[in-house]
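Now for the letters of each chain:
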Amino acid sequence: MQHAHALPDDLKACHTLIVEQATALLNLTATREQLSQENEELQLTIQKLLARLRGHRSERSVDPNQQQLDFGDNLNDAAVQDGLADAAAEAEQILQENTVRRTLKKRQPRTEELPAHLPRYEVTAAVPPYQQHCEEHGPRQIIGYDRTETLEFERPKLRVRVTKYPKFVCPDQPQCGVVEPARPAALVEGDRYDTSVAAEIIVAKYAYHLPTYRQQDWFAGSGWMPQRSTLLNILTNAAYVLERLYLHYADQVRTAPVIPTDETGVMLLLPPEIPAAREGDAKSRRIHEVLSAARAENKSHVSARMWAYRSLGPAGANVFDFSVSRHRDGPQDFLANYTGTLLGDCYSGFQSIVLASDQRIVRAACHAHARRYVVEAREYHPLEAAQLLAWYRQLYDVEDLARGKSAEEVLALRRAQSVPIMAQMRAWLDSDAARLALPKSRLGEAVRYLRNQWAALTVFLEDGRVPIDNNETEQLMKQA
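Residues numbered from 1 in each chain as written. Predicted model: local features only at pLDDT ≥ 70, side-chain atom pairs only at ≥ 80, totals over all residues. Heavy atoms only, no water.

## Examining the confidence of the model for the protein
The predicted model of the protein averages 84 in pLDDT, with 85% of residues at 70 or higher. At the level of individual helices and strands, the protein shows its lowest average pLDDT in helix 2 (residues 78-104), which scores 64, and its highest in helix 12 (residues 407-429), which scores 96. (pLDDT = per-residue confidence, 0-100. Helix = DSSP H or I, 4+ residues; strand = E, 2+ residues; numbered from the N terminus.)

## Quick word on helix 7 (residues 282-296)
An ideal rise of 1.5 Å per residue puts 21 Å on 15 residues; helix 7 measures up with 21 Å between its terminal C-alpha atoms. Listing the buried residues of helix 7 in full gives Ser284, Val290, Leu291 and Ala294. All buried residues of helix 7 lie within an arc of 130° about the axis, which places them on one face of the element. Where helix 7 terminates, the next one or two residues include Asn298, which has phi positive at roughly 60°. (Expected span 1.5 Å × (residues − 1). Buried < 20%, exposed > 50% of the residue type's maximum accessible area, 1.4 Å probe, protein only. Arc of directions from axis to C-beta.)

## Structural notes on the pairing of strand 4 (residues 301-310)
Within strand 4, seven of the 10 residues are buried, which leaves the element mostly enclosed by the surrounding structure. Relative to strand 4, strand 3 (residues 258-269) is paired through nine bridges, and the arrangement is antiparallel. Looking across to strand 4, one finds that Met267 is bridged to Ser303. Across six bridges, the pairing between strand 4 and strand 5 (residues 318-323) is antiparallel. Looking at strand 5, one finds that Tyr309 is bridged to Val319. (Pairing = 2+ DSSP bridges.)

## Brief notes about the side chain of Gln216
Looking at the element boundaries, Gln216 is found in helix 5 (residues 212-220). Of the residues examined, Gln216 reaches a relative accessible area of 12% and is grouped as buried. When sequence neighbours within four positions are dropped, the list of residues in contact with Gln216 reads Trp224, Met225, Pro226, Gln227, Arg228 and Leu231. (Contact = heavy atoms within 4.5 Å.)

## Some remarks on helix 11 (residues 382-402)
Here helix 11 is 21 residues long and its end C-alpha atoms lie 30 Å apart, about the 30 Å a rise of 1.5 Å per residue gives. The set of residues buried in helix 11 consists of Ala385, Ala386, Leu388, Leu389, Ala390, Trp391, Tyr392, Leu395, Val398, Glu399 and Ala402. Residues of helix 11 that are buried in the fold lie against helix 10 (367-377), helix 12 and helix 14 (442-452). Looking at the residues trailing helix 11, positive phi occurs at Gly404, about 90°.

## Description of the sheet that holds strand 5
The strand order 5-4-3-6-7 describes an open sheet built from five strands, whose pairing is mixed. Strand pairing shows two members of the sheet lacking a second neighbour, strand 5 and strand 7 (361-365), which therefore form its edges. Geometrically, the sheet is characterised by an average inter-axis angle of 30° between neighbouring strands, direction not taken into account. Of the strands in this sheet, strand 3, strand 4 and strand 5 touch helix 6 (residues 228-254), which is tilted by about 110° from strand 5. (Axes fitted to C-alpha atoms, helices over the stretch in contact; angles between N-to-C directions.)

## What about unusual backbone geometry?
If you check the backbone angles, Asp172 has positive phi at about 60° while not being a glycine. Mapped onto the elements of the fold, Asp172 is located in the loop between strand 2 (138-139) and helix 4 (195-206). Using a relative accessible area of 74% as the deciding quantity, one classes Asp172 as exposed. Although it is not a glycine, Asp358 adopts a positive phi angle of roughly 60°. Residue position: Asp358 is located in the loop between helix 9 (348-356) and strand 7. With a relative accessible area of 65%, Asp358 lands in the exposed category.

## A word on the pattern of salt bridges
Between side chains of opposite charge, a pair can form as their charged atoms come close. Taken as a whole, this structure holds 16 salt bridges when the rule is applied. The residue Arg161 makes a salt bridge to Asp194 at a minimum N-O spacing of 3.6 Å. Of this pair, Arg161 sits in the loop between strand 2 and helix 4 while Asp194 sits in the loop between strand 2 and helix 4, placing them 33 residues apart in sequence. With its nearest N and O atoms 2.6 Å apart, the salt bridge here joins Arg435 to Asp432. Taken together, the positions of Arg435 and Asp432, both in helix 13 (residues 432-435) and three residues apart, correspond to about one turn of that helix. Asp432 matches Arg435 in its accessibility class, with the two residues each being exposed. (Salt bridge = Lys/Arg side-chain N within 4 Å of Asp/Glu carboxyl O.)

Given below as structure tokens:
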């Protein structure tokens, strides 16, 4: 604040002073907005951390049309005190009645019957001779048996199969040579390890998450102590054999009219030797580039990605594809010749794939992702978020009604009920209430996401086979 005696006398100096004061005021306003935005982000981070600490994150919203109950938060009110006293007395009476009722009620016998599908064999208990023979009446007669069932565990057994290949010759005719049957192709050279061993290694590693070095002890408990390199060699050869099966399921997924997809991060340790790029193989070239760059930066690992692709329907399949980065080479290679709808998040690489597909691929967006932006905005914009969440609640009510129906019935139901709801949401996004939201605020981010992804978010209104969200595919990552 300038004192009166410090104010300049000439007009030009006054104008300069006014400009300086206005600039300072604008800078102060911008600083306050920035601090307010940072404070909002910090508060949201605290809320997320508290939600994780307390348990499962809930995205439930409050219906603006739902009246709220008065739970009597003012404990000093006399009526509240009387009500609490009555409630305590009633609770004590109920507790006593339930205690007496439990005492009088007969306790149900506890049964621990073993599963009926398990194989059973019978043995007869050994009976001492003095119990089989009576000194007064002679041999005793069996009148029946008491039966007990005991669960046994038998450790996995290893055994060696010795295959003999007969050799034939013509007597006294050495020119004919020796003839023996052809040996079948083996998983490992020399046919030393059966496919059952490979199956056990694969299941232990990928189903039970048992590292290779721990599998050494697992097999040692059955009498065979393999080298870690032996287990890895068997695993590598099994992957080579199973590649055809993977390609079959991948082709099956690519025949589906709709493919939901998702990805998650995986830490990939750098191998001792960087694999060379194969000529004409874009994926191997990308692997070589990423791993070589990481080695040049003295990194021990890279952030790789595991992609999941699903085909919907009772005969559907789930296919996982690994890539060394989130670069679009992964899904672009998998979807090279695909024609249909791709359902996923707002990953920018999907848009590039769609543009390069020459309209063979239609991109559909996940409403669960869009709704999540709105949920994160309700802490600071409760009225606007509540309205958007109310529309989402109506959309999901329609999906509940559509569950189990044919694609044609689902499409008819969505056109009748979901299209008007989406029209109301679009009208609100174009209204002044949405335009006034600060771009960097949580509400502004939700509005921007909905606007930018609107075309993809409305694809489910045009095809009854397209799910409203991608939640089921996301669950695959938790099961893998």
